[in-house]
Amino acid sequence: MSDASSIIRIATALIMNPHGKILLVRKAGTTTFMQAGGKLDAGETARQAVVRELKEELSLQIEAESIDHIGSFRAPAANEPGWDVVADCFYVPCSTEVSPEAEIEEVLWIDPLSPPDIELAPLTRDHILPLAQKRLRDGGGDRLA
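Since we're looking at a predicted model, the values are computed, not measured.

Caption draft 1: Representation of the side chain of Thr124 within the structure. For Thr124, the location among the structural elements is in helix 2 (residues 122-140). When its relative accessible area of 2% is taken as the criterion, Thr124 is described as buried. Among the polar contacts listed, one links the side chain of Thr124 to the side chain of Gln35, at a separation of 2.7 Å. In this view, Thr124 contacts Leu24, Phe33, Met34, Gln35, Leu129 and Pro130; residues no more than four positions away in its chain are not counted.

Caption draft 2: Here's a closer look at the pattern of salt bridges. Overall, the coordinates contain 11 salt bridges when judged by the stated rule. Between Arg52 and Asp41 there is a salt bridge whose closest N-O contact spans 3.4 Å. Here Asp41 lies in the loop between strand 4 (36-39) and helix 1 (46-58) and Arg52 lies in helix 1, a separation of 11 residues in the sequence. Of the charged contacts in the structure, one is a salt bridge between Glu56 and Arg52, with a shortest N-O distance of 3.3 Å. In this pair, Glu56 and Arg52 are both assigned in helix 1, 4 residues apart and thus about one turn of the helix distant. Residues joined in a network through salt bridges with shared partners are Asp41, Glu44, Arg52, Glu53 and Glu56.

Thresholds applied
Residues numbered from 1 in each chain as written. Predicted model: local features only at pLDDT ≥ 70, side-chain atom pairs only at ≥ 80, totals over all residues. Heavy atoms only, no water. Helix = DSSP H or I, 4+ residues; strand = E, 2+ residues; numbered from the N terminus. Buried < 20%, exposed > 50% of the residue type's maximum accessible area, 1.4 Å probe, protein only. Polar contact = N/O pair within 3.5 Å; in protein donor to acceptor, adjacent residues only side chain to side chain. Contact = heavy atoms within 4.5 Å. Salt bridge = Lys/Arg side-chain N within 4 Å of Asp/Glu carboxyl O.

Written out as structure tokens, the structure reads:
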């Protein structure tokens, strides 16, 4: 297990549309799909960071009070070898169009119950996707919280 100096604190979102599909993003110059989100700025809470990141990366305007914290997870960082991410993840229902902005090159809506054969970040593959699958199978529909 990595020591504390090789941990990146991030806030991320499990964004789900009314059809039960989840949104994944791919950053420019990478091949890995993951949740939207990013690193916390100094003095910023995870909730504040995810609201800021979704606006920057997807032009998605959300109210901090409207999102639910669904867990904190640790996994190897997808694009920074030797580092782990510790992610606070929030459920974000979304019924509007999103568009890739900033460093995001591609967005992809996937069915978590039958995901396509794409490269997934460890956090997405090992924690977020199974969580979305379980919630949908348990009758959660498009509501995870």
